[in-house]
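Below are the chains, spelled out letter by letter.
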Amino acid sequence: MAAVDLGSNSFHMVVARLQHGQITIIDRLREMVRLASGLSENGHLDDASHDRGIDCLSRFGQRLAGLAPEHVRIVGTNTLRRLRGGEFLVAAEDALGHPVEVISGVEEARLIYLGASHSVPNTAGSTLVIDIGGGSTELISGQGYVPERMESLFMGCVGMSQRFFADGKLTTKRFEKARLAVRLELRPVKSAFRRPNWGQVVGSSGTIRAAARVAQALGESESGVSITALDEMVQRMVAARRIGKVELPGLSAERLPVFPGGLAILIEVMATLRLKHLQVAEGSLREGLLYD
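A.B. asks: Where do I start with the overall build of the protein chain in this structure?
C.D. replies: When you go through the protein chain residue by residue, the secondary structure sums to 11 helices and 11 strands. Its C-alpha atoms give the protein chain a radius of gyration of 18 Å, within 12% of the compact-globule value 19 Å for 292 residues. For the protein chain, the spread of C-alpha atoms along the three principal axes comes to 50 × 45 × 35 Å. Burial status across the protein chain gives 53% buried among its 292 residues. Counting contacts in the protein chain only where the partners sit at least 6 residues apart, residues at least 24 apart contribute 70% of the total. Here the protein chain has roughly 13,000 Å² of accessible surface; of this, 48% comes from carbon and sulfur atoms. Computed over 34 positive and 32 negative side-chain charges, the separation of the two mean positions in the protein chain equals 8 Å.

Set out below in structure tokens:
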């Protein structure tokens, strides 16, 4: 079976086999298409982003060929929710050979929790899952594999990077403005997720995995990511002054352009919710689709 996640920053596909009640991943494909970067305020997608997306989905479609329709699920998230006109969706379904389901933010949060919670040890107490995508950020609390409170917030690493760091300049003032914007988005929901006694705090998505790799390379954390490590990353980025001059060990060149916005979201979420450390989950939305 296969699950495809048409995200605002990257398109992902996982192919898995179900044997004796266990899911085994046999193939993963990922391409950073940055669809959100080509979306205008009135919901129209530019030609270059459209073509990047369809080229990627044509390759995905080749891998999906031969799979039974009932064994494939394809979902679109924030950018496809905002997209006006059906041209891209029609072309996407044609390239994939399967229908695309545009899901709500709450459904996205539910599936993220399902994938993340299955990829970390099941511990006593409540679990908090944080996922920072290209166009939205999800906060989900739950018990075991069952989500209880799900929120999808209109802020992501692509949008925040475009809004505050579009020209490549990195300053303390810009990070402060970005963090203030995050704080305002969190205001209506922070009381529901600010608890002193989480059983575990888990982060998923590319931004958080990238931050954890950098934290480990800097010697700031053996696993996961701490808020002190994130402070160090901000300081190093500000010292570099421009995105093109940033040197953070463990950070890929393709992640770098959207990392400042994602970093601002992550550090402010952790500060607002009074979290000192989080662990990283390998599972996210596409794994949630498989388990669902």
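A.B. asks: What is the right way to look at the state of the cysteines in this model?
C.D. replies: Covalently bonding the sulfur atom of one cysteine to the sulfur atom of another cysteine gives a disulfide. Using the criterion set out here, one finds zero disulfides in the structure. Free of any disulfide, C56 has its nearest neighbouring cysteine sulfur in C157, separated by 16 Å.

A.B. asks: Whenever I open this one, the sheet that holds strand β11 (residues 277-280) confuses me. Can you help?
C.D. replies: Hydrogen bonding along the main chain pairs the strands of a sheet, whether they run parallel or antiparallel. Read across the open sheet, the six strands follow the order β8-β7-β6-β9-β11-β10; overall the sheet is mixed. Of all the strands in the sheet, the pair left with one neighbour each is β8 (146-153) and β10 (225-226). Here strand β7 (residues 137-143) runs beside β8; their pairing, made up of seven bridges, is antiparallel. In the sheet register, Q143 faces β8, and the bridge partner there is V146. In this fold helix α4 (residues 105-117) packs onto β6 (126-132), β7, β8 and β9 (200-204), with an angle of close to 55° to the strand it touches most, β7. Sheet strands touched by helix α8 (residues 206-217): β6, β9, β10 and β11. Its angle to β11, the strand with the most contacts, is close to 110°.

A.B. asks: Even after reading the chapter, I still don't get the sheet that holds strand β4 (residues 72-76), so can you show me in this structure?
C.D. replies: Within the open sheet, the five strands sit side by side as β3-β2-β1-β4-β5. Their pairing is mixed. One side of each edge strand has no neighbouring strand; the edge strands of this open sheet are β3 (22-32) and β5 (101-102). Across the sheet, helix α1 (residues 47-64) touches β1 (2-6), β2 (10-19), β3 and β4, and the angle it forms with β2 is around 10°.

A.B. asks: Quick question: what am I supposed to make of the environment of I130 here?
C.D. replies: Following the sequence through the fold, I130 ends up in strand β6. A relative accessible area of 0% places I130 in the buried class. For the pair I130 and D231, spaced 101 residues apart in sequence, the C-alpha separation works out to 18 Å. Setting aside its immediate chain neighbours within four residues, I130 contacts E138, L139, V201, V202, G203, S204, I208, V269, L275 and L278.

A.B. asks: Quick question: what am I supposed to make of a negative patch on the surface here?
C.D. replies: A grouping of D46, D47, D51 and D55 is seen on the molecular surface, where their side chains present a negatively charged patch. Of the residues examined, D46 reaches a relative accessible area of 34% and is grouped as partly exposed.

A.B. asks: Explain the environment of I74 here, please?
C.D. replies: Mapped onto the secondary structure, I74 falls in strand β4. Each C-alpha atom, one on I74 and one on E93, is 9.4 Å from the other, the two residues being 19 residues apart in sequence. If near-sequence neighbours (up to four positions away) are discounted, I74 is found in contact with V4, L6, L64, L96, H98, P99, V100 and E101.

A.B. asks: Can you help me understand the pairing of β2 in this one?
C.D. replies: Within a regular strand, the side chains alternate between the two sheet faces. In terms of burial, β2 is a largely internal element, seven of the 10 residues being buried. Direction of pairing for β1 relative to β2: antiparallel, over a ladder of five bridges. Within β2, the residue paired with V4 across the bridge is M13. Hairpin remark: β1 followed by β2, antiparallel, with three residues in the connecting loop. Alignment of β2 against β3, held across 10 bridges, turns out to be antiparallel. Directly across from R17, in β3, lies its bridge partner T24.

The rules behind these values
Residues numbered from 1 in each chain as written. Predicted model: local features only at pLDDT ≥ 70, side-chain atom pairs only at ≥ 80, totals over all residues. Heavy atoms only, no water. Helix = DSSP H or I, 4+ residues; strand = E, 2+ residues; numbered from the N terminus. Rg over C-alpha atoms; globule rule 2.2 N^0.38 Å. Buried < 20%, exposed > 50% of the residue type's maximum accessible area, 1.4 Å probe, protein only. Contact = heavy atoms within 4.5 Å. Areas by Shrake-Rupley, 256 points an atom, 1.4 Å probe, with all protein chains shown as cover. Lys, Arg positive; Asp, Glu negative; His and termini not counted. Charge placed at Lys NZ, Arg CZ, Asp CG, Glu CD. Disulfide = S-S within 2.5 Å. Pairing = 2+ DSSP bridges. Axes fitted to C-alpha atoms, helices over the stretch in contact; angles between N-to-C directions. Patch = residues over 30% accessible without salt bridge, like charges linked within 9 Å, V, L, I, M, F, W, Y side chains within 5 Å. Salt bridge = Lys/Arg side-chain N within 4 Å of Asp/Glu carboxyl O.

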